[in-house]
Amino acid sequence: MDYSRPICALLALVVFYLSHLAQCTNAKINFREKEKQILDQILGPGRYDARIRPSGINGTDGPAVVSVNIFVRSISKIDDVTMEYSVQLTFREQWLDERLKFNNLGGRLKYLTLTEANRVWMPDLFFSNEKEGHFHNIIMPNVYIRIFPNGNVLYSIRISLTLSCPMNLKLYPLDKQTCSLRMASYGWTTDDLVFLWKEGDPVQVVKNLHLPRFTLEKFLTDYCNSKTNTGEYSCLKVDLLFKREFSYYLIQIYIPCCMLVIVSWVSFWLDQGAVPARVSLGVTTLLTMATQSSGINASLPPVSYTKAIDVWTGVCLTFVFGALLEFALVNYASRSDMHRENMKKTRREMEAAASMDAASDLLDTDSNTTFAMMRQCEIHMTPPKKNCCRIWMSKFPTRSKRIDVISRITFPLVFALFNLAYWSTYLFRDEEEQK
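For clarity, every value in this text was computed on a predicted model and none was experimentally measured. (Residues numbered from 1 in each chain as written. Predicted model: local features only at pLDDT ≥ 70, side-chain atom pairs only at ≥ 80, totals over all residues. Heavy atoms only, no water.)

(A) Expanded view of the sheet that holds strand E11 (residues 214-223). Strand order in the open sheet made by the four strands is E4-E8-E14-E11, with antiparallel pairing throughout. The open sheet terminates on both sides in strands that have one partner only, identified here as strand E4 (125-127) and E11. Between one strand axis and the next, the sheet turns through 20° on average, direction left out of account. Note: E11 against strand E14 (residues 235-244), nine bridges, orientation antiparallel. Paired with Asp222 across the bridge in E14 is Lys237. (Pairing = 2+ DSSP bridges. Helix = DSSP H or I, 4+ residues; strand = E, 2+ residues; numbered from the N terminus. Axes fitted to C-alpha atoms, helices over the stretch in contact; angles between N-to-C directions.)

Below is the structure:
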């Protein structure tokens, strides 16, 4: 009797049953329970001390290396008065701690997640130019720690910071400002801890970043290690280059100032006898210009140097004040012209009386001799030739009218030359300083 066929069938049945049993066993594995067991194993009492820093690269006694990268979520404000800016970012650190290695169960556990930062060793990083800052805890604390099977640790947290940003306002509002974000170790020197920017793309910025009065042109990463009496400390920094949006200031400051200056020139076209109208116009434009200048300076910090906007408002204020002084000069010249006209009238009356007396005397003399003398006088009294300027000015007989006519040409011409010098100077200086 051949028993080989039943035995083979029995063996096949046993193999099928064992494989099916193994699959059922794997399907019933509770990986959350495995995570708990692994966390208890690597972080349990007496197994891990969070006070001790990790070893260096390849388990050496060198410094622990921490890679840093940040994601800028928003920049809410850039304050010129307090010289600070507010930013919200996701901050990430990554380092290797070989004490946290664990079995990944054949690749089934990619990483372990913690929400308590005090369970593992953490770098003592701080923001050196920070004024204020806070974490985000709604709805839950926005922080996590991931532990990978090879011992790599990833720490990520969302924070909001208000950072100092020293500004140079000499070219305001045609300026560009560089604001820095500095991160350094507080207690560990470079012998124990070194910060490095993550390779590739260490700084990311959210798309369509909106700033009310600035544009983020670019950002640069660098190192800023500092040496003190207690040692050398690792430091990272990122420089954010902001360009001020000029269109706001063009509409709110420059165009209104130009309009005020031009309105002050209207008095040159008013009659010199319209004293109330010319005085009211000059005083009103002067006070408005002074108020405009005060409002501009109220939104800026008091600095010891002259800003570009100070030059503009100062010159505009000078032109408005000059128009008011021009009317004072016109008024003085008008009164002087009236006095001179009265003197001429009196003189003509006296000359007329004297000529009548002289005419009676001339009747007694020889007429031929008198005619010859008068002819010689006409020849010698031929008026001199006049140039074009004198001919044009002769159309305005009074000095007050001449002053108004000259002011109508001189004031706009000088203001146009000032604009040419102002814009060419500050625009070209801005380009040179950015090279």
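(B) Structural context of the pairing of strand E6 (residues 143-147). Along E6, the buried face is formed by Val143, Ile145 and Ile147; none of Tyr144 and Arg146, which line the opposite face, is buried. In terms of strand pairing, E6 meets strand E7 (residues 152-164) through five bridges, oriented antiparallel. Across the sheet, Arg146 pairs through a bridge with Leu154, a residue of E7. Counted between consecutive antiparallel strands, the loop separating E6 from E7 contains four residues, among which Gly151 sits at a positive phi close to 100°. (Buried < 20%, exposed > 50% of the residue type's maximum accessible area, 1.4 Å probe, protein only.)

(C) How the structure looks around the pairing of E7. Burial of E7 is extensive: 10 of the 13 residues sit out of reach of the surface. By the bridge criterion, 13 bridges tie strand E2 (residues 84-96) to E7 in an arrangement that is antiparallel. Opposite Leu96, over in E7, you have Asn152 as the bridge partner. In terms of strand pairing, strand E5 (residues 130-135) meets E7 through five bridges, oriented antiparallel. Across the sheet, Glu132 pairs through a bridge with Thr162, a residue of E7.

These results come straight from atomic positions and should not be treated as a statement about function.
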